[in-house]
There are 8 protein chains.
Amino acid sequence: MTTSYNRLDKDNAAVLLVDHQAGLLSLVRDIDPDRFKNNVLALADLAKYFELPTILTTSFETGPNGPLMPELKTLFPDAPYIARPGQINAWDNEDFVKAIKATGKKQLIIAGVVTEVCVAFPALSALAEGFEVFVVTDASGTFNELTRQSAWDRMSSSGAQLMTWFGLACELHRDWRNDVEGLATLFSNHIPDYRNLMTSYNTLTSAK
Amino acid sequence: MTTSYNRLDKDNAAVLLVDHQAGLLSLVRDIDPDRFKNNVLALADLAKYFELPTILTTSFETGPNGPLMPELKTLFPDAPYIARPGQINAWDNEDFVKAIKATGKKQLIIAGVVTEVCVAFPALSALAEGFEVFVVTDASGTFNELTRQSAWDRMSSSGAQLMTWFGLACELHRDWRNDVEGLATLFSNHIPDYRNLMTSYNTLTSAK
Amino acid sequence: MTTSYNRLDKDNAAVLLVDHQAGLLSLVRDIDPDRFKNNVLALADLAKYFELPTILTTSFETGPNGPLMPELKTLFPDAPYIARPGQINAWDNEDFVKAIKATGKKQLIIAGVVTEVCVAFPALSALAEGFEVFVVTDASGTFNELTRQSAWDRMSSSGAQLMTWFGLACELHRDWRNDVEGLATLFSNHIPDYRNLMTSYNTLTSAK
Amino acid sequence: MTTSYNRLDKDNAAVLLVDHQAGLLSLVRDIDPDRFKNNVLALADLAKYFELPTILTTSFETGPNGPLMPELKTLFPDAPYIARPGQINAWDNEDFVKAIKATGKKQLIIAGVVTEVCVAFPALSALAEGFEVFVVTDASGTFNELTRQSAWDRMSSSGAQLMTWFGLACELHRDWRNDVEGLATLFSNHIPDYRNLMTSYNTLTSAK
Amino acid sequence: MTTSYNRLDKDNAAVLLVDHQAGLLSLVRDIDPDRFKNNVLALADLAKYFELPTILTTSFETGPNGPLMPELKTLFPDAPYIARPGQINAWDNEDFVKAIKATGKKQLIIAGVVTEVCVAFPALSALAEGFEVFVVTDASGTFNELTRQSAWDRMSSSGAQLMTWFGLACELHRDWRNDVEGLATLFSNHIPDYRNLMTSYNTLTSAK
Amino acid sequence: MTTSYNRLDKDNAAVLLVDHQAGLLSLVRDIDPDRFKNNVLALADLAKYFELPTILTTSFETGPNGPLMPELKTLFPDAPYIARPGQINAWDNEDFVKAIKATGKKQLIIAGVVTEVCVAFPALSALAEGFEVFVVTDASGTFNELTRQSAWDRMSSSGAQLMTWFGLACELHRDWRNDVEGLATLFSNHIPDYRNLMTSYNTLTSAK
Amino acid sequence: MTTSYNRLDKDNAAVLLVDHQAGLLSLVRDIDPDRFKNNVLALADLAKYFELPTILTTSFETGPNGPLMPELKTLFPDAPYIARPGQINAWDNEDFVKAIKATGKKQLIIAGVVTEVCVAFPALSALAEGFEVFVVTDASGTFNELTRQSAWDRMSSSGAQLMTWFGLACELHRDWRNDVEGLATLFSNHIPDYRNLMTSYNTLTSAK
Amino acid sequence: MTTSYNRLDKDNAAVLLVDHQAGLLSLVRDIDPDRFKNNVLALADLAKYFELPTILTTSFETGPNGPLMPELKTLFPDAPYIARPGQINAWDNEDFVKAIKATGKKQLIIAGVVTEVCVAFPALSALAEGFEVFVVTDASGTFNELTRQSAWDRMSSSGAQLMTWFGLACELHRDWRNDVEGLATLFSNHIPDYRNLMTSYNTLTSAK
């Protein structure tokens, strides 16, 4: 009995960044803030790098939830940006779903704050409509580990695939030869250990 | 292949609070007591807020298990209250099941102490009778993490959905515009980080 | 869609205690030794209490693996005792399987050391032959948490149910009224928090 | 309802060691380095001991990823060694798949660095082609526990079996009588607690 | 050789609450937010209960640091309230020190956010001027455990005594007979486990 | 520069067991309950074994704090037993101090619940009167690790020595030859790992 | 009895950055790499911001220890840079000590990799020569927590003060009014939670 | 005020290895067994490498405590070996102290199992006789972290210096130029991360 491998394809994938807002970020306590900020920016950088259609959305951004992380606005100046007037599940917002369908992609990469709501709700809605869903677990944050584990269990049981940004980048890239420097730069900017490897390597090889 | 999204519907859901008794609470060691007390009261407040039919039950409350948390009695003075004479699985008590069926709801939200018994047993019984079951993992407590993980695995494998009270509230509410103030008050009363956001926000906006 | 609830039935269950040997116990590092010893003895006591047919087996007990915990020998002087000459999977030993089948029970409660071998192998074999399998996760120990999680995943994926001794006792007992004192004694002997509740309760009520 | 037990068979299994390279090893932070090094060498020793066909592969070994752990090269001087020119998923490399198919084995034991990429990608590819896949979780490492848990969930959901090297050795060996000394030596070399048991045992029995 | 016991004396102690502001509270990650909020309010309640002179101070409260927790303002409407215009070490603010000296007390109980700055700086300044300093470690929060441990080491090395609110209450109260009900109420309001004990006790004794 | 070694001397030491009461024990969350119960009983057993004068005291035992652990009463039927009418610091109770002075010992071994109050207060009082104080850290419990660390810092800074029951037993015993069997029995009864060593050892040596 | 407060003074302090080299950084496992990188850069930025004389040194940078983090070279192009030919304790290198003494400062702020060697050795040497030493604990890394705790104990016992970069910045700055924007920028660049506060604050106040 | 730096001097130091016996090692649970075994062997290797006089001692090695780790016997065939007939504190054994004094060294490096007994007792005795004591914390093991922390506090308060084997090696070696290859080999054999650095470095530089 074989199992199908729903493999990410950069020509068939879109990225949804849901509610990474300054206020909501203060609720995230299942990941250290330095690490979490880095993960979100890494995901944004990879979306950019692979030129994946990217959609931004926020919930009540004029209230205590606060404005979108400014870095995301800067990175995606032309992306569809849906400031939802009230819908908690972004999928309940017609503009959001329209924007997704306009991309024509069938693989949805989703990250957001908080995991069990802003990520899980649209993930479950998308699965119910036949999309393949890839949750970026390390660019999604929530109150604590217990909540995260509950949310993962619910999404995984419904068929969502749990991935982290590094695996995402690798699966999308397929082969280093497609662009060694581009991928290495992405890694160097977001993985201190990898940057160290490159620093040592470059010093030694340029010293030849 | 699509996956159905069994989404909570406030018109089709009932809440079962099982054995949150003063004695049994001293057995709960997988969640910090300040956090656990807050989670249970948050769940009770949301049941109240969404006017979900709520059913209280206790096990042997005149023995060492002790009386129900008084706050729950106060919050739900008119709720069905089943002091079980001996049945460990609340579902084995006819009055309990009758009270559930009397609500006419098909979605059951269950929390209790301890997770692997007072929650898992009625959850598995309810699933076997065709109900949709939502376990409130952070308002259910037990001896330690190993026990919790075993209980979650058993319930999840049988089709129960694992959620926390915050996700529950969001999925039931659907849209902030249904009542901004009500939901915000619920969050402010039970999420210190959210309360802080609101304090700062209100100060700044009222200062205008 | 309903899910069947494979509920433990004391008239249809047998207990398999696999390789709780003095040497092997020094390999167990995923559970604190005071807690683990207590869990194993609690499981043994409950097997005794519910008069479940119990089968003991050891692996190479004359070598470094060491003899069976003496407490188990003492508790079950007449139980089938299979000192396996070499088979690592107890199910590969004909006498062991014969002893199980002789009980006529279809629900097997298994605990042992180490989890991913002495428990998982016979659990998977039993499932393949159509038994219902209940793994007692807190009376089974292994090298570390990573190993435990791998073993649980393998067993759960094949249909084993993960339980702890307390849940087991509750599911087997069904109703406190079947014997309040017996069950309370079992809990008091193996759950310090419950013993404390009973001490306070008894003092207060006898003082009346 | 029975569940099939896909049991490891030493006559039908091959081992794939993917990208255990000096540079990449510095990325592994979900397992302590002393323990991880020991696990990888234990897996290599058992592949050797059971004479399982073993295939080595590396990714970009002349760059910062660094050379293969020298111990592995030394242990398997004649094994197929595929230094991939760029493919991230080893399964995308024809020579790698050819080498696997040349073994004629249907059970693949996979370990590598990092888990969610170098292990998960070929594991998912192999499952999709009908192989049985056994992931050696403790000889596979990655950035942190959150990443590991995501990777495990993805592989397990697709049917991969999660095992650790000790369970692997036990399932392959089947019966101590096949070679007591060989297996005991393997354990003594890689499990300090087991070595201690043997030291005490040997001293006491040789003192007779 | 004897060691002097600098014992808290309710007639010689004042409480300093430093910078418990809505914005700064989002920086606290070494204590769970539910627990931290409870600890701060418990400290405030005990200051009230023992009628200790209490001084409130804030840093830049009109900027991102945010306003003081409203609960504190409400509890101490008449306490000296020093909104510092810029001094980071509250002791550098003359009004603050003047308010302390006006109390005539020699024992200072200090709590604040963040521990290594808002607590440690005035604590070290006070010690240098000959005050006895009692740091309320569980009502003081900071970025992470490493930071907390560094701050504790610095303060303890200079002679500050590290205490938690419960110990403080007990040392100030000296004897339950001074007011059983008052102290019990304080504990019941801020220690869920103690509240449970009281619930069970009251039920049993009132049932007589 | 030499440092004096204040070494425990069984002819000069007394044991104080402070407030190990059924209710208060439910507050202890910095040590697992199975382990804590074992540690307290181990300390009691060693006091008995070394025939150290032992003094029991309780706080408000007729209220929610509950009665003394019955095991302690049974073990020390003739020990001074001071049920304090209200003093929180046992040293404030004249009978308690009188009982201590009546022993004529200068080394006080103290354990109790909770650490920062019932242990720390009398420890600091005793140090101030010139006693040598040995705190039994693993037979003393409290709310959480933060509280424990604060209490340890306060006591250690005042000159108390922090020990655990095993070290205590070893320092009191001095030489195995004083009574091999007695000490070994104490260890076997309270250290599962040591019991396992003895089981294996006895089996192998008696098999000769 | 008063205790002197050795308070940091920006006119009397120098910064020593010891061995933050690409190879050695891979040894650091007591702090998450994203956090550690951020801490080191924050310390460097604050040295720059307060214009503290800063000295860089490396150990064997042409060998496996690797080159200095390039960011540090870039930030301090004109700082004394001592590439030590072999001395492990930087204080054994005359040029290093000469550079320190040339600054004329008596307060030394030290950070480095690994804590117990590259930080502790020069710290102990400097203390022995009468300098005040401030260890930046969160910009110093080592193998694991056990090693860190040992190193801290050794340094603290000799009089070193343990601080983190944030406390350092606050103690050096003294008063926000000295430069609100400068300090806020430093915090915003290195504390994601603080950046979020500022983002929300700025949005709300600029919206007026 | 200066603080003396009691710096290790390889011409004035001796190593004491106390009770690293096969049975006692099974009691060590505060350090992972792979890591602990490595640390003990690293300490032994460095004693050998620096030609420090080394003394071995055991407690009751013919009983359940078991024989000395064979590796230590092999490494130090000619070292004084004191099999103590019963003294728990090795310093109470005249031969042991005589052997130490015969070395003429004033700095004692001590490691052993278990920390609070076999290490702490001789450490405190040696300090009382005027020796400088360096405890090798990572080559000393005990039951759990609570016990370790208590033991460290007791030793540190008496003036013992807490170090780990790596710091020891660095402080003894002083300057890489004394023998680059020797020290690098020691590190490569016992620090996997350092070995990886060397592997990459050697490959790159030999490739030139």
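Residues numbered from 1 in each chain as written. Chains lettered and ligands numbered in written order. Predicted model: local features only at pLDDT ≥ 70, side-chain atom pairs only at ≥ 80, totals over all residues. Heavy atoms only, no water.

Chain A is annotated in an unreviewed UniProt entry as Isochorismate family cysteine hydrolase YcaC from Pseudomonas hefeiensis.

### So, the nonpolar core
Among the nonpolar cores identified, the biggest contains 327 residues, and F187(A), F187(B), F187(C) and F187(D) are the most heavily contacted of them. Non-local contacts of F187(B), meaning those with residues more than four positions away in its chain, are made with W165(B), F166(B), A169(B), C170(B), W176(B) and Y194(B). Residues L197(E), A79(G), L68(H) and F134(H) belong to the second largest nonpolar core, which totals 326 residues. (Core = buried A, V, L, I, M, F, W, Y, C linked by side-chain atoms within 4.5 Å. Buried < 20%, exposed > 50% of the residue type's maximum accessible area, 1.4 Å probe, protein only. Contact = heavy atoms within 4.5 Å.)

### Here's the deal with the interface of chain A and chain E
Taken residue by residue, the interface counts six residues in chain A and six residues in chain E. Of all residues in chain A, the largest losses of buried area upon contact with chain E belong to S26(A), R29(A) and P33(A), amounting jointly to 86% of the total for that side. In this structure, the connection of chain A to chain E is made through zero salt bridges. Where chain A touches chain E, the interface holds two residue pairs in polar contact (both at pLDDT 80 or more). Classifying every residue of the side of chain A that touches chain E by side-chain character gives four nonpolar, one polar and one charged. (Buried area = accessible area lost by both parts, 1.4 Å probe. Salt bridge = Lys/Arg side-chain N within 4 Å of Asp/Glu carboxyl O. Polar contact = N/O pair within 3.5 Å; in protein donor to acceptor, adjacent residues only side chain to side chain. Nonpolar A, V, L, I, M, F, W, Y, C, P; charged D, E, K, R; others polar.)

### Some details on the environment of I191(A)
Within the fold, I191(A) resides in the loop between α7 (180–190) and α8 (192–206). Given a relative accessible area of 6%, I191(A) falls into the buried group. On a C-alpha basis, the gap between I191(A) and L46(A) in space is 13 Å, while along the polypeptide they are 145 residues apart. Excluding residues within four positions of it along the chain, I191(A) makes contact with W165(A), F166(A), L27(D) and F143(D). (Helix = DSSP H or I, 4+ residues; strand = E, 2+ residues; numbered from the N terminus.)

### Observations concerning the relation of the copies chain A and chain E
Once chain A has been moved 0.0 Å along the axis and rotated by 180 degrees, it coincides with chain E to within an RMSD of 0.0 Å. With respect to symmetry, the two chain copies, as superposed, fit the operation of a two-fold axis. Looking at the rotation axis and the C-alpha trace of chain A, the residue lying nearest is S26(A), at 3.1 Å. In this assembly, 100% of the residues forming the interface of chain A have copies in chain E that are likewise at the interface, indicating an isologous arrangement. (Least-squares fit on C-alpha atoms with pLDDT ≥ 70 in both.)

### A look at the arrangement of the chains
Across all C-alpha pairs, the smallest distance from chain B to chain H is 18 Å, and the two are not in contact. Of all C-alpha pairs spanning chain E and chain H, none lies closer than 12 Å, and the two are not in contact.

### Digging into unusual backbone geometry
Residues V113(C) and V114(C) are joined by a peptide bond in cis, for which omega reads 0 degrees. Phi is positive for D19(B), which is not a glycine, with a value near 65 degrees. Here D19(B) lies in the loop between β1 (13–18) and α1 (33–49). Of note in the backbone geometry, R174(F) takes a positive phi value of approximately 70 degrees without being a glycine. Judged by its relative accessible area of 30%, R174(F) is partly exposed.

### Section: the packing of aromatic side chains
In the structure shown here, the tally under the stated rule is 72 aromatic pairs over all chains. An angle of 75 degrees between the planes, with centres 5.6 Å apart, marks the rings of W91(D) and F131(D) as edge-to-face. Placement of W91(D) in the loop between β3 (81–84) and α3 (94–103) and of F131(D) in the loop between α4 (115–128) and β5 (132–136) is noted, with a sequence separation of 40 residues between them. There is no split in this pair, since W91(D) and F131(D) are both buried. Ring centres of Y49(G) and F50(G) lie 4.8 Å apart, and the angle between their planes is 70 degrees; this geometry places the pair in the edge-to-face category. On the basis of relative accessible area, Y49(G) is assigned to the partly exposed category, the value being 26%. (Phe/Tyr/Trp six-rings, centres within 6.5 Å; stacked < 30°, edge-to-face > 60°.)

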